[in-house]
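Report on the structure
Here is how the chains run, residue by residue.
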Amino acid sequence: MFFQPVDRKRCASCHRWSGPRAPGDLPGTVAIESETIAGLCVGGPWDGQERRARSACGHWVVWLALTLVSTTGNP
Ligand code: SF4
């Protein structure tokens, strides 16, 4: 398991990304199998195309699930 910092603003932590992931154990991280896994961009400039977890673009928006974790104080 790999924990990618959300502040890197990569596809893995973007709301528009559909790859396999979960909120990380540590605040401000997203858990992914590796940075080379891929998922579809949905509604962004790469709509319908596969993007790797470490990819990025200027239309990144934070994954809502990460926001919910941080506001509930989940340890
Ligand atoms: S390509 Fe951009 S909009 Fe699409 S998932 Fe990645 S960061 Fe988000």
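Before going further, it helps to examine the overall build of the chain. Per the secondary structure count, the chain includes one helix and five strands. Ordered by position from the N terminus, the helices and strands of the chain form the series β-β-β-β-β-α. For 75 residues, the compact-globule formula gives about 11 Å, and the C-alpha radius of gyration of the chain, at 11 Å, lands near that figure. Taken along the three principal axes of its C-alpha coordinates, the chain extends 35 × 20 × 15 Å. Within the chain, contacts between residues at least 6 apart in sequence are counted, and of these 50% link residues at least 24 apart.

Before going further, it helps to spend a moment on unusual backbone geometry. The phi dihedral of Lys-9 is positive, around 55°, even though this residue is not glycine. Of note, Lys-9 is situated in the loop between β1 (2-5) and β2 (22-23).

Where β1 meets strand β3 (residues 29-32), four bridges bridge the pair, whose relative direction is antiparallel. Opposite Pro-5, over in β3, you have Thr-29 as the bridge partner. As defined by bridge partners, β2 adjoins β3 across two bridges and the pair is classed as antiparallel. Bridging across to β3, Ala-22 finds its partner in Ala-31. A loop of five residues connects β2 with β3, the two strands running antiparallel in sequence, and Gly-28 in this loop sits at a positive phi of about 80°.

Note that soluble globular proteins tend to have their nonpolar side chains buried in a common cluster. Of all hydrophobic cores here, the largest spans eleven residues; its members are Val-6, Cys-11, Ala-12, Cys-14, Trp-17, Val-30, Ile-32, Cys-41, Ala-53, Trp-63 and Leu-66. With sequence-adjacent residues up to four places away left out, Trp-17 is seen in contact with Cys-11, Ala-12, Gly-39, Cys-41 and Arg-51.

This part is about the sheet that holds β1. With respect to topology, three strands assemble into an open sheet ordered β1-β3-β2, the strand pairing being antiparallel. The open sheet has two edge strands with one neighbour each: β1 and β2.

The next subject is the environment of Arg-8. With respect to the element layout, Arg-8 can be found in the loop between β1 and β2. Accessibility expressed as a C-beta count within 10 Å gives 14 for Arg-8, which makes it partly exposed. Taking the C-alpha atoms as reference, Arg-8 lies 16 Å from Ala-22; in sequence the two are 14 residues apart.

Thresholds, definitions, all that
Residues numbered from 1 in each chain as written. Predicted model: local features only at pLDDT ≥ 70, side-chain atom pairs only at ≥ 80, totals over all residues. Helix = DSSP H or I, 4+ residues; strand = E, 2+ residues; numbered from the N terminus. Rg over C-alpha atoms; globule rule 2.2 N^0.38 Å. Contact = placed C-beta atoms within 7 Å. Pairing = 2+ DSSP bridges. Core = buried A, V, L, I, M, F, W, Y, C linked by C-beta atoms within 7 Å. Buried ≥ 20, exposed ≤ 12 C-beta atoms within 10 Å, placed from the backbone.

It is worth stressing that arrangement in space is one thing and function is another; only the former is reported here.
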